[in-house]
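# Geometric and topological summary
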Amino acid sequence: MPIRKMNIDDYEKVYQLWMSCKNMGFNNLDDSKEGIEKFLRRNPDTSFVAEYDDKIIGIILSGHDGRRGYIYHMSVDERFRKQGIGTQLVEKCLSALKDEGINKAALLVFNRNETGNSFWEKMGFSPRNDITYRNKELNEIIRIDT
Ligand SMILES: CC(C)(COP(=O)(O)OP(=O)(O)OC[C@H]1O[C@@H](n2cnc3c(N)ncnc32)[C@H](O)[C@@H]1OP(=O)(O)O)[C@@H](O)C(=O)NCCC(=O)NCCS
């Protein structure tokens, strides 16, 4: 399965794949074409897509702030799941983050996303039950929960 770095020309196909996945959290700013372009400009080498027949069937968006690696919106087309594509995307991403000197990677998964939580457990991402995740909006954001 060919896996390559994501670029902004992939956006429309990637967005379509994201919207086809349940139990994921998006928003109108960070996940707009402009938002993803900004993210990829800052993190050009750590996000990957899997392709099949000119279609994008898997995506892992990831980047870092010089300290922690963050993974977002990991998705595999439901027709291609349980074939190891998600695992391959995670391996590519973690290797790219490591190459950039990053020592730890983190991500968020909705509690209700059982598949996502099983997947990340298998990938070795442990839950942190001693932490409360807090955030604050700096601009008016519209959530897009799938
Ligand atoms: C989560 C997701 C990316 C996994 O992709 P995938 O290509 O099917 O994953 P893999 O085939 O590499 O699976 C690796 C392991 O994850 C676990 N896993 C994957 N799908 C699972 C499921 N439906 N139920 C339970 N465990 C699952 C298994 O342990 C699996 O190992 P195994 O095949 O040896 O049993 C895919 O199901 C998906 O896109 N889901 C919708 C979007 C989503 O929830 N993303 C994560 C949110 S952050």
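Scroll up to find the structure.
The following refers to the structure shown. Only a predicted model underlies this, so the values are computations on that prediction, with no experimental measurement involved.

Contacts to the ligand come from 19 residues, most closely from Met 74, Val 76, Lys 82, Thr 87 and Asn 113. The backbone of Val 76 places a nitrogen or oxygen atom 2.7 Å from an oxygen atom of the ligand. At 3.3 Å, a backbone N or O of Gln 83 approaches an oxygen atom of the ligand. Here the ligand, which alone exposes 910 Å², has 77% of that area covered by the protein. Elements represented by at least two residues in the shell around the ligand include exactly strand S5 (69-76), helix H3 (85-99) and helix H4 (114-122). Broken down by element, the shell around the ligand gets its largest block of residues, five residues, from H4. For the shell around the ligand, the residue count by class is eight nonpolar, eight polar and three charged.

Quick look at the pairing of S5 now. The buried fraction of S5 is high, at six of eight residues. The sheet contact formed by strand S4 (residues 55-64) and S5 spans six bridges and is antiparallel. Each residue of the ladder has a partner; that of Leu 61, found in S5, is Tyr 72. Two successive antiparallel strands, S4 and S5, enclose a turn made up of four residues, where Gly 66 displays a positive phi of approximately 95 degrees.

Note that Asp 77 resides in the loop between S5 and H3. Here Asp 77 falls in the buried class, since its relative accessible area comes to 10%. The residues touching Asp 77, leaving out its near neighbours within four places in the chain, are Leu 17 and Ile 57.

Inspection of the secondary structure puts His 64 in strand S4. At 2.7 Å, the side chain of His 64 and the side chain of Glu 100 are in polar contact. Non-local contacts of His 64, meaning those with residues more than four positions away in its chain, are made with Arg 42, Asn 43, Gly 69, Leu 97, Glu 100 and Ile 102.

Moving on, we get to the pairing of strand S3 (residues 48-52). Here strand S1 (residues 3-5) pairs with S3 via three bridges, running antiparallel. Residue Arg 4 lies in a different strand from S3, and its bridge partner there is Val 49. Pairing of S3 with S4 involves five bridges; the strand directions are antiparallel. For Ala 50, the partnering residue across the bridge sits in S4 and is Gly 58. Once S3 ends, the chain turns through two residues before running back antiparallel as S4, passing Asp 53 with a positive phi of about 55 degrees.

Reading guide: rules and limits
Residues numbered from 1 in each chain as written. Predicted model: local features only at pLDDT ≥ 70, side-chain atom pairs only at ≥ 80, totals over all residues. Heavy atoms only, no water. Near = heavy atom within 4 Å. Polar contact = N/O pair within 3.5 Å; in protein donor to acceptor, adjacent residues only side chain to side chain. Areas by Shrake-Rupley, 256 points an atom, 1.4 Å probe, with all protein chains shown as cover. Helix = DSSP H or I, 4+ residues; strand = E, 2+ residues; numbered from the N terminus. Nonpolar A, V, L, I, M, F, W, Y, C, P; charged D, E, K, R; others polar. Buried < 20%, exposed > 50% of the residue type's maximum accessible area, 1.4 Å probe, protein only. Pairing = 2+ DSSP bridges. Contact = heavy atoms within 4.5 Å.

None of this, on its own, says anything about what the molecule does.
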